[in-house]
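Geometric and topological summary
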Amino acid sequence: MPISPVPSRDSSIDMHKLAIMSKNMNAQYENISSFLDRFVGNSREPVNLSIIEQTVDCSRQLESNLRHLRAMLRMCKVKETYLSDEEFFDCSDEHGDIQLDKQMTDEFKQDLTPVSKVMNNTSNASEVHEHPLYSHIRNLTAEQIRYAKAGVDEGTWELFCQDGAMKMYKREMESDDGCMIDPLKSIHSVEGISAKEYITCFFKSEYKPEWDDTLVKLNVVETLDPNTVVLHQLHKKVWPAAQRESLFWSHLEEISDQKEDDAFDAWIVCNHNIDRDDVPLTNPSCVRVGLKIAMLCQTIISPDARSKSRDQITRNDISVRIFYVASVHPGGWLPSAALRQVYKKEYPRFLRRFSAYVVEKVQNRPLDL
């Protein structure tokens with residue numbers, strides 16, 4: 001009967017990092033508690049918005065640390081047992097301190113490789129939130145949530161494409177250097193797909209070459225945490241323009257606390273260009289684009305299925321509502337008229353192609369809500 005190896009505790013968890021995480025989590029908890037005590041006890045005092053924002057940041061950091069800690073403990077329990085699966089579950093009936101059920105362990109084994117990779121190659125959760133990018137990521141994500149959900153007022157936005165459930169709008173705009181950077185916004189809906197499924201296909205770097213036919217090469221420069229990466233992409237050359245490439249951070253976040261009233265959940269991915277001295281141009285003739293992109297997805301359950309339990313909901317009961325916003329700086333001057341002709345064709349094509357890819361990718365999988 002095959003058995004699992006017995007790694008030492010030191011090889012499973014870095015105790016120094018765990019101590020740092022513990023210290024930071026205590027500080028985060030104290031900051032949240034101190035604020036709540038003052039807020040509840042002094043309801044007539046003016047509210048300091050900056051302190052509220054800091055407290056929200058502390059809450060998010062604490063939540064992230066707890067998720068990482070839970071993953072670490074689950075990994076420790078799975079990896080350090082020398083029993084086979086059957087022996088492990090027999091033992092769990094006799095010992096109350098072992099609470100993992102078979103379903104939980106099976107789910108964790110599927111996630112073990114990416115979690116281990118992140119833990120070995122990145123800082124612990126508390127150090128992650130000290131990364132210089134995180135303040136920018138939090139601010140931009142909040143901004144893009146508001147931007148994606150805002151209405152498309154007539155006179156501000158111009159509808160330039162409508163194809164079934166998909167509507168695409170634009171605003172003509174140029175940067176200070178005279179380059180066209182027209183903001184685009186799309187509202188779309190796809191039947192039989194959850195928000196989590198749709199957004200995961202958009203975020204995960206291993207899927208990008210399968211649906212983005214502009215890619216020549218993709219490199220994961222840095223993994224800050226399982227939901228935040230830095231990517232470097234080389235795109236196909238479109239003659240006679242110079243070949244383009246992009247360097248940007250990409251962040252995935254569940255934002256169900258900000259979902260619309262008729263939605264089951266909500267997720268967002270934000271992408272934004274960055275500069276890094278350690279990532280030079282692929283070759284001197286390339287041009288690096290600037291970009292600010294967000295995709296916000298919400299699962300919508302049909303009215304006649306809202307009384308069903310989570311396990312009873314099927315693909316026939318759901319759809320995903322998509323808000324996609326993008327503003328791209330070409331990195332160098334190109335004729336605005338030509339660029340506008342290109343994006344009027346390519347953006348609708350991208351959304352149709354990507355949606356079809358997601359449908360095909362998940363059609364034989366259990367629904368992931």
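Note that residues are indexed from 1 along each chain, following the sequence as it is written. Given that this is a predicted model, residues contribute local features only at a pLDDT of at least 70 and side-chain atom pairs are listed and counted only at 80 or more, while totals for whole chains, interfaces and linings are drawn from all residues. Note: side-chain values were computed over all heavy atoms of the structure, leaving out hydrogens and water.

Some remarks on the overall build of the protein chain
To be explicit about the condition: Under the scheme used here, helices are H or I runs from DSSP no shorter than 4 residues and strands are E runs no shorter than 2 residues, and both carry numbers assigned from the N terminus. Throughout, the Shrake-Rupley method with a 1.4 Å probe supplies accessible areas, and for residues the shown protein chains are the sole cover considered.
A count of helices and strands for the protein chain gives ten helices and ten strands. In the structure as shown, the protein chain presents an accessible area of about 20800 Å², 51% of it carried by carbon and sulfur atoms.

A closer look at the nonpolar core
Heads up, the rule is: Buried residues of nine kinds, namely Ala, Val, Leu, Ile, Met, Phe, Trp, Tyr and Cys, make up a nonpolar core once their side-chain atoms join them within 4.5 Å. Exposure categories follow from relative accessible area, calculated using a 1.4 Å probe and restricted to protein chains: below 20% of the type maximum is buried, above 50% is exposed, and the middle band is partly exposed. Contacts between residues were defined by any pair of non-hydrogen atoms, one from each residue, lying within 4.5 Å.
Ranked by internal contacts, the top residues of the largest apolar core, which has 40 residues, are Tyr 198, Phe 202, Met 295 and Phe 354. Ignoring anything within four residues of it in the chain, the contact list for Phe 202 reads Lys 208, Trp 211, Val 269, Asn 271, Ile 293, Met 295, Tyr 324, Phe 350 and Phe 354. If you look at the next biggest cluster of nonpolar residues, it comprises 20 residues, including Tyr 134, Ile 137, Leu 140 and Ala 294.

Section: the packing of aromatic side chains
Let me state the cut-off plainly: Centres within 6.5 Å make a pair out of two Phe, Tyr or Trp rings, where for Trp the six-membered ring is used; the pair is then stacked when the planes are under 30 degrees apart, edge-to-face when over 60, and tilted otherwise.
Counted under the stated rule, the structure contains twelve aromatic pairs. When the ring of Phe 202 is compared with that of Tyr 324, the centres are 6.3 Å apart and the planes differ by 85°; the resulting orientation is edge-to-face. A residue pair is termed long-range when its members are at least 10 positions apart, and Phe 202 in helix α8 (residues 195–203) and Tyr 324 in strand β10 (residues 318–329) qualify at 122 residues. Tyr 324 shares its class with Phe 202; the two are buried. Each ring, one from Phe 350 and one from Phe 354, has its centre 6.2 Å from the other, and the planes form 25°; the classification is stacked. Pair noted here: Phe 350 and Phe 354 are both in helix α10 (residues 336–362), with a separation of four residues, about one helical turn.

Structural notes on the pattern of salt bridges
Note the cut-off: In what follows, salt bridge is the name for a side-chain nitrogen of Lys or Arg lying within 4 Å of a carboxyl oxygen of Asp or Glu.
By the definition in use, this model includes 17 salt bridges. Among the salt bridges present, the one from Lys 292 reaches Glu 143, with a minimum N-O distance of 3.3 Å. On the criterion of sequence distance, the pair formed by Lys 292 in strand β9 (residues 290–301) and Glu 143 in helix α7 (residues 133–149) is long-range, its members being 149 residues apart. In this structure Glu 143 comes out as partly exposed when scored by relative accessible area, which is 32%. Overlapping salt bridges, with partners in common, bring together Glu 158, Lys 170, Glu 172, Asp 182 and Arg 340 in one network.

Topic: the confidence of the model for the protein chain
What counts here: As a per-residue quantity, pLDDT reports the predictor's confidence and falls between 0 and 100.
Confidence in the prediction for the protein chain averages 78 pLDDT; 73% of positions are at 70 or higher. Low pLDDT, under 50, characterises residues 1–11; the stretch is placed with 19 contacts to residues that sit more than four places away or in other chains. Overall, residues 78–129 carries pLDDT values under 50, and its contacts beyond four positions in sequence, including any with other chains, amount to 76 contacts.

Section: the packing of α8 against α10
Condition: Each axis is a line fitted through C-alpha atoms, and for a helix only the stretch in contact is used; angles between axes span 0 to 180 degrees, taken between their N-to-C directions. Between 65 and 115 degrees an angle is taken as roughly perpendicular, under 35 as roughly parallel, over 145 as roughly antiparallel, and anywhere else as oblique. Here is the rule for handedness: rotate from the far helix to the near one, and if that takes an anticlockwise turn smaller than a right angle the crossing is left-handed, while a clockwise turn gives right-handed. Any residue outside Ala, Val, Leu, Ile, Met, Phe, Trp, Tyr, Cys, Pro, Asp, Glu, Lys and Arg is labelled polar, Gly included; the first ten of those are nonpolar and the last four are charged.
In contact at an axis separation of 10 Å, α8 and α10 are set at 115° when each is read in the N-to-C sense. Relative to α10, the element α8 is oriented roughly perpendicular. With respect to the hand of their crossing, α8 and α10 are arranged in right-handed fashion. Every residue of α10 that contacts α8 at Glu 197, Tyr 198, Cys 201 and Phe 202 is listed here: Phe 350, Leu 351, Phe 354, Ser 355, Tyr 357, Val 358, Lys 361 and Val 362. Looking at the contact of α8 with α10 residue by residue, the class counts come to nine nonpolar, one polar and two charged.

Things to note about the pairing of strand β5 (residues 228–235)
Short version of the rule: Strand pairing is defined by DSSP finding a minimum of two bridges between the two strands.
Counting buried positions along β5 gives eight out of eight residues, so the element sits mostly inside the fold. Sheet topology note: the strand β4 (residues 215–225)/β5 ladder contains eight bridges and is antiparallel. Considered in β5, the bridge of Val 220 is made with Leu 231. Where β4 folds back onto β5 in an antiparallel hairpin, the turn is made up of two residues. Direction of pairing for β5 relative to strand β6 (residues 244–254): antiparallel, over a ladder of seven bridges. Bridge pairing links His 232 to Leu 247 in β6.

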